[in-house]
Amino acid sequence: MASMRDIKRRKQSISSTQQITKAMKLVSTVKLQKAKTRAEATDPYFHYMYKTVSSILAKSKNLSHPFLTAGESTKKAVVVITSNRGLAGGYNSNVVKLVTGEDWDKEDVDIYAIGGKGAEALAHRGYHIADNASEIMENPTYSDAAAMCQKVLDAFVNGEVGEIYLAYTHFKNTVSHEPELIKLLPVEIDEEDLNEGSDILMNYEPNEEEALNMIIPKYVTSLFYGALVEAVASENGARMQAMDSATSNAEEMISDLTLKYNRARQGSITQELTEIIAGANAIS
Amino acid sequence: MAEANRVFEIEIITPDRVFYTGEADFLEFTTADGDVGIYKDHIPLTTVLAPGIVTIHNGDEVKQAAVHAGFAEILGDKVILLAELAEWPNEIDVERAEAAKARAEERLANHTADTDIVRAEFALRKALIRIDAARLK
């Protein structure tokens, strides 16, 4: 049985860890609130963007446009959004698993990493990191998203890559976030949505093709920005959960150790008493 | 007051927020092909925005804001402006805009082969719009 001192020391160490996890939980709760409000504020923009793009595509089904067809290159650009900091449970590894779980040849994948953890993990597994813009994760703005997007689009237009994917964590609500892998280019729109918006006769100025030229990069950027904002919210949500369970685990361990400590204390008192009585008996 | 039957809805949406929702009887803004004015029952039109000033008329009430890049979807009784950036005149930092204007002008004046002229021109246009809009306060 461990000595009283050992148990006490261990208890103290766990309770100071608990203080840290508790503080981290509070911090991420506050950050989550902020990130959540932001994620909700981007929603209407994205919603209209999607509606407009799908209604343009619905009216011009036979339009051939470079953004609508896969490039000749077999290479894929994958934008991976993770966090810069750990201690967020399975948040980062879930996103990385999405990429490694696809049946892709490592040679054929160019990773555009946003978030240091994902970049490290994928580089370690032998993927090629084409670009790393982890610093924008701290406070993602629309212009950051636009700049990153431009790089990936340039690679697509130049024919370096044939398809663009985005791996990020979708923020469903505070307690549930799902890693998702979506195809950005060529653009894919649900058949249902295509049929929905086709009843009004819409005009385009300049013509449809030029409008598409302008709007699709904006559409991709908005997807991108939405994903960034959602990823930040998910990261803080995941960290909040991880820290919450760490705190309650520590609580459990402390109560277990308190019990052990009291038992050891009682044992040592009993032993002392027995020794004193035995000594007294020996003298008399 | 505007006549009730001439009023249509306007929404200006940016990635960060719903910038403006409200009603108007006349709307002016700048597209890639030039300035346009919209009344109710305009034909359905989707057009690309150029940096410029959006003017919302509702009866005697006039509101103006600077809008940079984006596109507009015009339906008969509703206009949706999707802008990458939109600002009310009182949100604009004039000194910053002046500085940006000076920077862009300098870059254009002493350009070398590496200078991204398109970008500098765009920055200049943005700064000019900001300064114009700020004066409207």
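Remember, predicted model here, so these are calculated numbers, not experimental data. (Residues numbered from 1 in each chain as written. Chains lettered and ligands numbered in written order. Predicted model: local features only at pLDDT ≥ 70, side-chain atom pairs only at ≥ 80, totals over all residues. Heavy atoms only, no water.)

A. Main features of the overall build of chain B. When its secondary structure is counted, chain B shows two helices and eight strands. Each helix and strand of chain B, ordered N terminal to C terminal, gives the series β-β-β-β-β-β-β-β-α-α. The dimensions of chain B, computed from C-alpha atoms along their principal axes, are 55 × 30 × 25 Å. Burial status across chain B gives 47% buried among its 137 residues. If you take every contact in chain B between residues at least 6 apart in sequence, the share linking residues at least 24 apart comes to 54%. Accessible surface for chain B amounts to roughly 7100 Å². Of this, 47% is attributable to carbon and sulfur atoms. Looking at charge distribution, chain B has the averaged site of its 15 positive side-chain charges lying 5 Å from that of its 26 negative ones. (Helix = DSSP H or I, 4+ residues; strand = E, 2+ residues; numbered from the N terminus. Buried < 20%, exposed > 50% of the residue type's maximum accessible area, 1.4 Å probe, protein only. Contact = heavy atoms within 4.5 Å. Areas by Shrake-Rupley, 256 points an atom, 1.4 Å probe, with all protein chains shown as cover. Lys, Arg positive; Asp, Glu negative; His and termini not counted. Charge placed at Lys NZ, Arg CZ, Asp CG, Glu CD.)

B. Spatial organisation of the domain arrangement of chain A. For chain A, the assigned domains read domain 1 (4–20 + 243–283) and domain 2 (38–239). Summarising the inter-unit geometry, the C-alpha centres of domain 1 of chain A and domain 2 of chain A are found 54 Å apart. (Domains from an automatic or database assignment.)

C. Structural view of the interface of chain B and chain A. With 26 residues of chain B at the interface, the matching set in chain A holds 20 residues. When the buried area of chain B at its contact with chain A is split by residue, B:P15, B:T46 and B:F71 rank highest and sum to 27% of it. Linking chain B with chain A are one salt bridge, by the criterion used here. For B:E84, the salt bridge is made with A:K218, and the minimal N-O distance between the two is 3.3 Å. Summed over the shared surface of chain B and chain A, the result is four residue pairs in polar contact (both at pLDDT 80 or more). For the side of chain B that touches chain A, the secondary structure elements donating two or more residues are β1 (8–13), β5 (45–49), β7 (61–75) and β8 (78–87) of chain B. Looking at the side of chain B that touches chain A element by element, the count peaks at six residues for β7(B). Residue composition of the side of chain B that touches chain A, by class: 14 nonpolar, five polar and seven charged. Here strand β6 (residues 203–205) of chain A pairs with β5(B) via three bridges, running parallel. Counted as the bridge partner of A:E205 is B:T47 from β5(B). (Buried area = accessible area lost by both parts, 1.4 Å probe. Salt bridge = Lys/Arg side-chain N within 4 Å of Asp/Glu carboxyl O. Polar contact = N/O pair within 3.5 Å; in protein donor to acceptor, adjacent residues only side chain to side chain. Nonpolar A, V, L, I, M, F, W, Y, C, P; charged D, E, K, R; others polar. Pairing = 2+ DSSP bridges.)

D. Structural view of the pairing of strand β4 (residues 163–173) of chain A. Residue and element names in this part refer to chain A. The element β4 is extensively covered by neighbouring structure, given that eight of its 11 residues are classed as buried. In the sheet, strand β1 (residues 76–81) pairs with β4 via five bridges, with the strands oriented parallel. When the bridges of β4 are listed, V80 appears paired with A167. Examined bridge by bridge, β4 and strand β5 (residues 176–185) share nine bridges and lie antiparallel to one another. Bridging from a neighbouring strand, H170 pairs with E178 of β5.

E. Highlighting the confidence of the model for chain B. Model confidence for chain B is summarised by a mean pLDDT of 82, while 95% of its residues fall at 70 or above. The secondary-structure element of chain B with the lowest mean pLDDT is helix α2 (residues 117–135) of chain B, recorded at 78, while β1(B) shows the highest, at 89. (pLDDT = per-residue confidence, 0-100.)

F. Expanded view of the domain arrangement of chain B. Residue and element names in this part refer to chain B. Under the domain assignment, chain B is made up of domain 1 (4–87) and domain 2 (93–134). Measuring from the centre of the C-alpha atoms in domain 1 to the corresponding centre in domain 2 gives 25 Å. Each side of the interface is counted separately: domain 1 has eight residues, and domain 2 has seven residues. Interface area for domain 1 against domain 2, summed over the two sides, is near 630 Å², with a carbon-plus-sulfur share of 77%.

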